[in-house]
Each structure stands twice: as structure tokens, then as C-alpha cells.
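As a plain string of letters, each chain reads:
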Amino acid sequence: MTDWWSELAALIRRELAGYFATPVAYVFLAVFLALAAAMPFYLAGFFEREIADLQPFFGFHPWLYLFLVPAVGMRLWAEEFRSGTVELLLSLPVGGWQLVLGKFLAAWLFLGLALLLTFPIWITVNVLGSPDNGVIVAAYLGSWLMAGGFLAISATLSATTSNQVVAFILAVLVCLLLLLIGLPAVLDPLRGWLGQGVIDGLAQLSFLIRYDAISRGVLELADVAYFVWLMALAMAANYLILMHRVQR
Amino acid sequence: MIEVDNLTRHYGPLRAVDGLDFLVEPGTVLGFLGPNGAGKSTTMKMLTGCLRPDSGRIRIMGHDIVSARRRAQQCVGYLPEGSPLYPEMTVADFLLFIAHMRGLSGERRDQRLRYVVEALSLRGVLAQRMVTLSKGFSRRVGLAQAIVHDPPVLILDEPTDGLDPNQKRQVRQLIRSMASDRIVIISTHVLEEVEAVCNRVLVIDRGRCVLDDTPLGMLARSRYCGAVSLTVDQPERVASALGSLDAVAEVELRSGRLTALPSGRGELLGAVSGLIREHGWPVHQLVLESGRLDEVFAKLTQAGGEAHD
């Protein structure tokens, strides 16, 4: 079992080192931080609200993730298949689960780092006022969880193709669907066709509705469980797609 | 020891590998030959545990590749076709990663890493990103990762493809030096490679084994085995005289060069040189042929080849 973890750790280290070996990671971090910082100020009137909290900041995360997380996830498997290195991985005495988990965790840690680097905005609100820091910590955790949901979906779709662009577009589409599915604009036209039970079920899947509470610092077990389950399901699908594709 | 028993693999309706059986003992360098699409790479992927057989069994050093995949894979080093590498990693990081995944640690790991860096002359490129490596170095890094855990079985898919003649010679030397107590299986399109490094040849065609022999045994199947080729001044006249010899089955004349094929009745070289001496023909070149692998290969893999594809 210790071997299992040390192999997983080696896979994660290799992935993470790969991010920082090229300028891609730094470009990503720069874009992420610039957008994460600019959106609340320009689009949500961060100062004009005159409330010392980070809700405008967290409120934009779903939209930020919609494009940036698929950009991180798109290469995870597509690139392995395109370059043929997937065969190298499969010839190593490791399990398919370790490979799926290793890639996911490395990318999730990377997204966590991007999120952590937004700390100046936290400092800013603390300088300007006295926000509820417990709420902010909870919102950070919730945001990271949601990023994990986006990421697991992006990674899984990346395993279906050898083309990163295709992986990116598929991931954005699926994530957009999951974001919007709970909105009345999406659900109302369906009301005539589907029963109330189905409509309610679909609304439960919505990232936006789940995240709305989280961004206000309300970290409920049901919402946490939703994102954890989503990640687990997506990774299981990732594993099955990978095994089907290499037919091992 | 590798035991392959009735191995079969389909891709949709296509039978890529169709009931393959063979045993390989340590000390063997097995050349895996066959036309494109014959099932060479598919078989190699199954031997390395990358691809699951539809039916049949593979045991590597006693471990079943399906039910004991990890243990079997621990015994195998694999160079995939084209030697794929992670472009953004450095050579040193990559070899360290593979060593780790192969379960090496501590002093043993350092010692093995030193060994492969030395054996493949990689010291000068250790800090280099792999995207910047030449083809020759890429292949050497691919070989280094395959042998880092000192496996008893090496499976190399076209190890010299795309290399220049000097690099080919280097890689072949390396393969020979590693072969003594191991099993090495190489697939190749280059027939001369078989003569240069292999002590056993397996030719497969449409997923089936059509020849299992030594390189010499394969050569002996050539109609040119034991043939005499010569360059003379008046080839047409010499050709008709040669054709009347009992030991000659047939005479071929190609771009001024005569080849007398043996009939099996009597000793050909003696008969030909006797005839030359008798007539006093000036001979510029005289060669006793050992056989032609390309001809045997074509004979084995083109029978009914039209039905292929």
C-alpha cells in the first residue's frame, strides 16, 4: 500500500513539474489572477457596494472556471494519446486508477494554487473592513470543490479524444450545460414536457444553484457531497473510457 | 521465459493476431518480422500488458500478463514504437520518474541510473528538455527507460527505425551486449538487422506465424542460398554455358551480373570454377551467396497477398 501511494505521488509530481516546465502554467496563472481580480471590480462594483466581503469575487468563479478549467483539463489525456506516451504509462506496473487519480489530483492542486494566489484580495477586504473570515474560508473551499467538478469533467472528456481543442470545446459545452441547467430560462421551456420531479432533479444538478449558497459561505453537506460525487463519477467514467480506449 | 499460447486479438472484425504460439528462452534475441499490419505491434503491446488479449495466454517469467499484470510488467522493459517521450521533461527527471515507477529507490536506484546514463552516453543531455533531443538521443533515452530496472525481458518496437547508419550500429551493439542472459524481442522492417543481432526469427503474416527459425535457417530457405554470382566480359555466352551444367538449376542475368542457382545435383561452386578455368574466361568478381532474406520474406508473406487489406 505504501508503494501505491508513493507511485501516486510520483505521478502527481511528474504532472506538476510538467506544468511549470513551460510558460503555459505561468500564463494561466497570470490570466486567472488578472480576471479573478478584475471581474469583481469592473463587473460587480466591488467598492461601490461598500460591504466588506468577497461575494462579488466568488460570484464570478463559475464563469471564470467555465473557460479556464477546461483549458487545464484538455491536455491531460488527449496529449498522452496524441504523443503516444500513454503506452509508456500503460507499460509501467501501475493501475489505471492511479493514473486517473494522479492526473486529476495534480491538476486540482494546480487550480488550488491559482486560487490561493488570489490572497491579496482577501487582505484587501481585511484592510478596508472586517469581513467574516470564516465565510471567506468556506467560500474558498467551496470554490475549489467546484473547480474540481469542472476539472473532473474536463479530464474525462480529454480521455475521449487525441485533440486538445476538441477536448476543450466538449468540456466547455458540458460545463456550461451543468452551470445553466438550474436556471428558470433553461427549465421553464421544459416544464410542459417533463414532470415536476424531473425538473426538480435537473435543478439539483445545477452548479450555479449549488454554488450560490457556497459563495455566500454556507458550506452545506449536501452541496459538498454533490461536488464530491460528481468528481468521483467523472473519474470513474474517465477510468472506464481510458480502459476501453486502450482495451486493457 | 516467455510463454505465448494461442494468442488472439481482434480489432472489430479484423483479426490482428490469430492464434499465435511460441516460447522464448533467456539468451534469445528474437527478431519479429512481418509486413505492416501483420500484428507485430499488437503482439508486442499484449506482451507488455498495454493491450488485453481476446483469448489465449501470455506468461512472462511465470507471471500471467492478465491475472498478475503488475508482476509480469515488472519483468519487462518496453520501447514503444517511435520512442514517445514527454517533451517538456528533462532527461534526468524522466529517468528518475520511470525509476520511481519501477519501484527502484535509494542506493540501488542511483546505481541503476548511473549505469543507464553511462551505457547510453546520456551524461551530456541529462539537463536537456526532451523536446530538444535529436532522434538518436530520443531513442537512447527510450532504451534507457526500458532497461533502468534491469528487466529479464526487453521488448523493443522498431528500435533502429529512423536512425542514421552510425546510430543504428550503436543501438545494435547495445542490444547484443544486453542479450546474453535476457530475452530480447525486437520488431523491425530492416532485414539486415535480423542477421546483425538476432539468433531467432519469427515471421508473422496476417496475425499468424509463418516462420520460426534461426537467421541462417531462414537464409537456407532462399533459392539463392549457395548460388554463385559472377561478373564476366561476355555474360550471354557464359550464361548459356553455365546453364548446361548439371549443378545449375537456372541462370539469372541482371545488369551484367550472372547468378547461377544451385540445382542440388553436385557442388555448384566447384562446377562453375571448373568451367571458367576450362574456357579461360576473365572473371572480375565471383561471390558465393548465402541467401537473400528479402526473397524468403516476400515468399512467406505474399502468398495470397492480394486477398489482404
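Thresholds, definitions, all that
Residues numbered from 1 in each chain as written. Chains lettered and ligands numbered in written order. Predicted model: local features only at pLDDT ≥ 70, side-chain atom pairs only at ≥ 80, totals over all residues. Axes fitted to C-alpha atoms, helices over the stretch in contact; angles between N-to-C directions. Helix = DSSP H or I, 4+ residues; strand = E, 2+ residues; numbered from the N terminus. Parallel < 35°, antiparallel > 145°, perpendicular 65-115°, else oblique. Left-handed = near helix turned anticlockwise from the far one by under 90°. Contact = placed C-beta atoms within 7 Å. Nonpolar A, V, L, I, M, F, W, Y, C, P; charged D, E, K, R; others polar. pLDDT = per-residue confidence, 0-100. Core = buried A, V, L, I, M, F, W, Y, C linked by C-beta atoms within 7 Å. Buried ≥ 20, exposed ≤ 12 C-beta atoms within 10 Å, placed from the backbone. Expected span 1.5 Å × (residues − 1). Pairing = 2+ DSSP bridges. Right-handed = clockwise from strand over helix to strand, strands pointing away.

### Regarding the packing of helix α9 (residues 133-158) of chain A against helix α14 (residues 221-246) of chain A
All names here are of chain A.
Phase 1 of the analysis: The N-to-C vectors of α9 and α14 enclose an angle of 15°; their axes lie 8 Å apart at closest approach. As far as their axial angle goes, α14 and α9 are roughly parallel. α9 and α14 meet at a crossing whose hand is left-handed. Only V224, F227, L230, M231, A234, M235, A237, N238 and I241 of α14 make contact with α9, whose side of the interface consists of L145, M146, G148, G149, A152, I153, A155 and T156.
Phase 2 of the analysis: Of the residues in the contact of α9 with α14, the class split is 13 nonpolar, 4 polar and no charged.

### Some remarks on the confidence of the model for chain A
Phase 1 of the analysis: The predicted model of chain A averages 89 in pLDDT, with 96% of residues at 70 or higher.
Phase 2 of the analysis: Helix α11 (residues 184-187) of chain A is the least confidently modelled element of chain A, averaging 80 in pLDDT, while helix α7 (residues 96-116) of chain A averages 96, the highest of any element.

### Some points on the nonpolar core
Phase 1 of the analysis: One finds A107 and L151 of chain A together with L95 of chain B to be the most contacted residues of the largest nonpolar core, which totals 135 residues.
Phase 2 of the analysis: No other element matches α9 of chain A, which puts 13 residues into this core.
Phase 3 of the analysis: Not counting residues up to four positions away in its chain, the partners in contact with L95 of chain B are L113, V116, A144, Q145 and V148 of chain B.
Phase 4 of the analysis: Grouped together as the second largest cluster of nonpolar side chains are 15 residues, V238, A247, L258 and L261 of chain B included.

### Quick look at helix α10 (residues 268-279) of chain B
For an α-helix, 3.6 residues make a turn, and residues three or four places apart therefore share a direction.
Residues and elements named next belong to chain B.
Phase 1 of the analysis: Compared with the 16 Å implied by 1.5 Å per residue over 12 residues, the 17 Å span of α10 between its first and last C-alpha is a close match.
Phase 2 of the analysis: On its buried face, α10 sits against β11 (228-232), α9 (235-243), β12 (248-254) and β13 (257-262).
Phase 3 of the analysis: Two residues or fewer after α10 comes G280, characterised by a positive phi angle close to 65°.

### What about the pairing of strand β7 (residues 153-157) of chain B?
Residue and element names in this part refer to chain B.
Phase 1 of the analysis: Counting buried positions along β7 gives 5 out of 5 residues, so the element sits mostly inside the fold.
Phase 2 of the analysis: Here β7 shows two buried faces, one formed by V153, I155 and D157 and the other by L154 and L156.
Phase 3 of the analysis: Note: strand β6 (residues 76-79) against β7, 4 bridges, orientation parallel. In the sheet register, G77 faces β7, and the bridge partner there is L154.
Phase 4 of the analysis: Where β7 meets strand β8 (residues 183-187), 5 bridges bridge the pair, whose relative direction is parallel. Opposite L154, over in β8, you have V184 as the bridge partner.
Phase 5 of the analysis: As for the winding sense of the linkage, the β-α-β connection from β7 through helix α6 (residues 165-178) to β8 is right-handed.

### A short note on the sheet that holds β12 of chain B
Residue and element names in this part refer to chain B.
Phase 1 of the analysis: Read across the sheet, 4 strands follow the order β12-β13-β11-β14 without closing on themselves; strand pairing throughout is antiparallel. In this open sheet, the two strands that pair with only one neighbour each are β12 and β14 (283-288). Across this sheet, the average inter-strand angle for adjacent strands is 20°, counted without regard to direction.
Phase 2 of the analysis: As defined by bridge partners, β11 adjoins β13 across 4 bridges and the pair is classed as antiparallel. Along β13, the bridge assignment pairs L230 with L258.

### Considering the interface of chain A and chain B
Phase 1 of the analysis: In this assembly, 21 residues from chain A lie in contact with 21 residues from chain B.
Phase 2 of the analysis: Contributing elements (two or more residues each) for the side of chain A that touches chain B: α1 (2-21) and α6 (85-90) of chain A.
Phase 3 of the analysis: The residue inventory of the side of chain A that touches chain B, partitioned by class, reads 9 nonpolar, 7 polar and 5 charged.

### Structural notes on the confidence of the model for chain B
Residue and element names in this part refer to chain B.
Phase 1 of the analysis: Mean pLDDT over chain B works out to 91, with 98% of the residues at or above the 70 mark.
Phase 2 of the analysis: Overall, residues 305-309 carries pLDDT values under 50, and its contacts beyond four positions in sequence, including any with other chains, amount to 1 contact.
Phase 3 of the analysis: Across the predicted assembly, pTM comes out at 0.88 and ipTM at 0.87.

### Regarding the sheet that holds strand β5 (residues 63-64) of chain B
Phase 1 of the analysis: Taken in spatial order, the 4 strands make up an open sheet running β2-β1-β4-β5 (chain B), and their pairing is antiparallel. One side of each edge strand has no neighbouring strand; the edge strands of this open sheet are β2 (14-24) and β5 of chain B.

### Observations regarding helix α3 (residues 91-101) of chain B
Phase 1 of the analysis: In terms of residue burial, α3 of chain B counts as a mostly covered element, since 8 of its 11 residues are buried.
Phase 2 of the analysis: Taken as a whole, α3 of chain B has its buried residues at V91, D93, F94, L95, L96, I98, A99 and M101 of chain B.
Phase 3 of the analysis: Packed against the buried residues of α3 of chain B are α1 of chain A together with α4 (106-119) and α5 (135-147) of chain B.
Phase 4 of the analysis: Phi turns positive one or two residues past the end of α3 of chain B, at G103 of chain B, with a value near 80°.

### Quick notes on the environment of L64 of chain A
Phase 1 of the analysis: Here L64 of chain A is to be found in helix α4 (residues 61-73).
Phase 2 of the analysis: Sequence-wise, L64 of chain A and G182 of chain A are 118 residues apart; in three dimensions their C-alpha atoms are separated by 18 Å.

### Comments concerning unusual backbone geometry
All names here are of chain B.
Phase 1 of the analysis: Positive phi values are uncommon outside glycine, yet S121 reaches one of about 50°.
Phase 2 of the analysis: With respect to the helices and strands, the residue S121 is situated in the loop between α4 and α5.
Phase 3 of the analysis: Given 13 C-beta atoms within 10 Å, S121 falls into the partly exposed group.
Phase 4 of the analysis: Not every positive phi belongs to a glycine, and E158 is a case in point at roughly 50°.
Phase 5 of the analysis: Examined against the element boundaries, E158 turns out to sit in the loop between β7 and α6.
Phase 6 of the analysis: Classification of E158 as buried rests on a count of 23 C-beta atoms within 10 Å.

### Structural notes on the pairing of strand β10 (residues 208-213) of chain B
Residue and element names in this part refer to chain B.
Phase 1 of the analysis: With 5 bridges connecting them, strand β9 (residues 200-205) and β10 associate as antiparallel partners. From the neighbouring strand, V203 faces β10, where its bridge partner is L211.
Phase 2 of the analysis: Linkage of β9 to β10, two consecutive antiparallel strands, is achieved through a turn of 2 residues, within which R206 is found at a positive phi near 50°.

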